[in-house]
Amino acid sequence: MKKGFVNEIFFIRFVACMCVVLIHSITMARSNLDVSASTTSVTYLINMSMMFATPVFVMISEFLLSYSYPDRLPKSFWKKRILYILVPYLVLAAVYSMYALGLDGLTWSAFSELFFKKTLLGAWHGYFVLIIFQFYALHFLLKKSFDRFPPLLVISLALMINLIYLGFFNFKGTISGLEFMWEYYQLPFLGWFFYFTVAYYAGKHLDEFLSYLKKYRFWIIGGAVFAGIIPIYLRISGILTAVSSKRFDIIFYTFLVFCVLYLIAMKLNKVPKPVLWISSCSYSIYLLHPLFQYNAVGWFESIQLPSNLVVYILAFFVLGVAGPIVMSYLFNLVPFGNLVTGRINMPNLGSSSSQKPAVNKGKAS
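Residues numbered from 1 in each chain as written. Predicted model: local features only at pLDDT ≥ 70, side-chain atom pairs only at ≥ 80, totals over all residues. Heavy atoms only, no water.

**Details of the overall build of the protein chain**
Note the cut-off: Numbering of helices and strands starts at the N terminus; helices are DSSP runs of H or I of at least 4 residues and strands are runs of E of at least 2. Just to be clear, the radius of gyration here is over C-alpha atoms, and the globule rule we use is 2.2 Å times residues to the power 0.38. Only protein chains enter the calculation, and the probe is 1.4 Å; a residue is then buried if its accessible area is under 20% of its type maximum, exposed if over 50%, and partly exposed in between. Here, residues are in contact when the closest pair of their heavy atoms is within 4.5 Å. Each accessible area value is a Shrake-Rupley result obtained with a 1.4 Å probe; residue values ignore everything except the protein chains displayed when judging cover. Just so you know, the count uses Lys and Arg for positive and Asp and Glu for negative, and it drops His and the chain ends. Here the site of a charge means atom NZ of a Lys, CZ of an Arg, CG of an Asp or CD of a Glu.
Scanning the protein chain from terminus to terminus reveals 16 helices and 2 strands. Taken over the C-alpha trace, the protein chain has a radius of gyration of 21 Å; the compact-globule value for 365 residues is 21 Å, and the two agree within 12%. Projected onto its principal axes, the C-alpha positions of the protein chain cover 55 × 50 × 40 Å. For the protein chain, the proportion of its 365 residues judged to be buried stands at 50%. Partitioning the intrachain contacts of the protein chain with sequence separation of at least 6 by distance along the chain shows that 82% fall at a separation of at least 24. Surface accessibility of the protein chain: about 17900 Å² in total, with carbon and sulfur atoms responsible for 68%. When the 29 basic and 13 acidic side-chain charges of the protein chain are each reduced to a single mean position, those positions are 13 Å apart.

Right under this line is the structure:
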């Protein structure tokens, strides 16, 4: 049987989602305003500190899969994920393709080429869906093998593979004739293998994972701070300047931040309603928020929004969160609308003042 909710995941997904929107809000504000070089550098560092967001979101998919279905996947597993994850991915990739081309450049050949790059090569912000579906396939293929070997051994091998893979593309210059590999190296699962592996064992052995979190919580918190300093140092020093979640030094940082967020969530007596709403709409927010932000630029100018970086960031952020939630809610009211924006998975955790323990009876995400 499928297990119940892991309440802490709502909070972790909420934070990851908010960080993604904030990253793009900062980027949009910076690119549309005249910002000094020093301010630009600071905003890059702030974005760098939030690069755990997408990997954490991807980790959650395998964590919940491993926790919810410790023995085998249900018959309806692929059908539901194709309908409510893959179909919206394809629909919105088409929308973004048409938007990028505009009316003047919209031809069938141009659309087909751009749509192919987005959907199969992950050349847009929705590429993480391709990673998640690779995780689904890996779970199906590797589950029995993973259960046969000690978790520490498998996690260590996965970490080594992941570090070598990302390190190669991070530091090795492009090879003549193979430049495309550097353009799409984030797509193969090898760049995310550690996240899959550690999430698999954490979800499958949740009680043991929680025991380690509590026992080593101070080391985890300190480690997260230290791991977060490393990417910032490497950028300031010029050793590795790319502001990206596909850096080898983000791996440790992401995992430790996931653990810290879990520790924080465990302290909450109740999951706040705004957290539940945003977490439940997170897929729609991830896919739709740039569309609202792109179209807001002209509107900000027309209403003469103060040309202040903080004001622009907040405006982009609010639109990037509220717009997709409203749109997703409206689309979910009409037949087949959730095939466009994704389904809102609002849980029913009851009306009691406390929503502990960590696992409640219900439907896992």
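**Quick notes on the pattern of salt bridges**
Just so we agree on the cut-off: Counted as salt bridges are all cases of a side-chain nitrogen of Lys or Arg within 4 Å of a carboxyl oxygen of Asp or Glu.
Scanning the entire structure with this criterion turns up 3 salt bridges. K117 is paired through a salt bridge with E113; the nearest N and O atoms lie 3.6 Å apart. Of this pair, K117 and E113 both sit in helix α5 (residues 108–121), 4 residues apart, which is roughly one turn of the helix.

**Points about the packing of helix α3 (residues 53–68) against helix α12 (residues 250–266)**
Axes are the key here: two packed helices are described by the angle between their axes and the distance separating the axes. The condition is simple: Interaxial angle, 0 to 180 degrees, is taken between N-to-C directions of lines fitted to C-alpha atoms, where a helix line uses only the stretch in contact. Oblique is the label for every angle not falling under 35 degrees (roughly parallel), over 145 degrees (roughly antiparallel), or within 65 to 115 degrees (roughly perpendicular). Left-handed describes a crossing whose near helix is turned anticlockwise from the far helix by less than a right angle; the clockwise case is right-handed. Side-chain classes are defined by residue name, with Ala, Val, Leu, Ile, Met, Phe, Trp, Tyr, Cys and Pro counting as nonpolar, Asp, Glu, Lys and Arg as charged, and the others, Gly among them, as polar.
In the contact formed by α3 and α12, the axes pass within 10 Å of each other and the chain directions differ by 70°. The angle between α3 and α12 places the two elements in the roughly perpendicular class. Considering how the two elements wind past one another, α3 and α12 form a crossing that is right-handed. From α3, P55, V56, M59, I60 and F63 reach across to α12, where they touch T254, F255, F258 and Y262. A class-by-class count of the residues in the contact of α3 with α12 yields 8 nonpolar, 1 polar and no charged.

**Regarding unusual backbone geometry**
In this model, Q304 sits at a positive phi of 55°, which is unusual for a non-glycine residue. Looking at the secondary structure, you find Q304 in the loop between α14 (282–302) and α15 (309–331). The backbone of F336 shows a phi angle near 65°, a positive value even though the residue is not glycine. Mapped onto the secondary structure, F336 falls in the loop between α15 and α16 (338–341). A relative accessible area of 66% means that F336 is categorised as exposed.

**So, the packing of aromatic side chains**
Rules: The criterion for an aromatic pair is that two Phe, Tyr or Trp rings (for Trp, the six-membered ring) have centres within 6.5 Å, with stacked assigned to planes under 30 degrees apart, edge-to-face to planes over 60 apart and tilted to the rest.
On inspection of all chains with the given rule, the structure shows 46 aromatic pairs. Between W78 and F133, the ring centres sit 6.5 Å apart and the planes meet at 35°, which makes this aromatic pair tilted. Of this pair, W78 sits in helix α4 (residues 77–105) while F133 sits in helix α6 (residues 128–148), placing them 55 residues apart in sequence. In this structure W78 comes out as partly exposed when scored by relative accessible area, which is 33%. Judged by centre distance (6.3 Å) and plane angle (65°), the ring pair of W277 and Y329 falls under edge-to-face. On the criterion of sequence distance, the pair formed by W277 in helix α13 (residues 273–280) and Y329 in helix α15 is long-range, its members being 52 residues apart.

**Quick word on the confidence of the model for the protein chain**
We count it as follows: Every residue gets a pLDDT, meaning the predictor's confidence in that residue, from 0 to 100.
Averaged over all residues, the pLDDT of the protein chain is 92; the fraction at 70 or higher stands at 94%. Low confidence marks residues 351–365, where pLDDT is under 50. Its contacts with residues over four positions away, or in another chain, come to 43 contacts.

**Digging into the environment of L159**
Note on placement: L159 falls in helix α7 (residues 151–171). On the basis of relative accessibility, which here comes to 19%, the residue L159 falls in the buried class. As for L159 and G191, which are separated by 32 residues in sequence, their C-alpha atoms are 9.9 Å apart. Ignoring sequence-local partners within four residues, the contact set of L159 consists of F194, I251 and F252.

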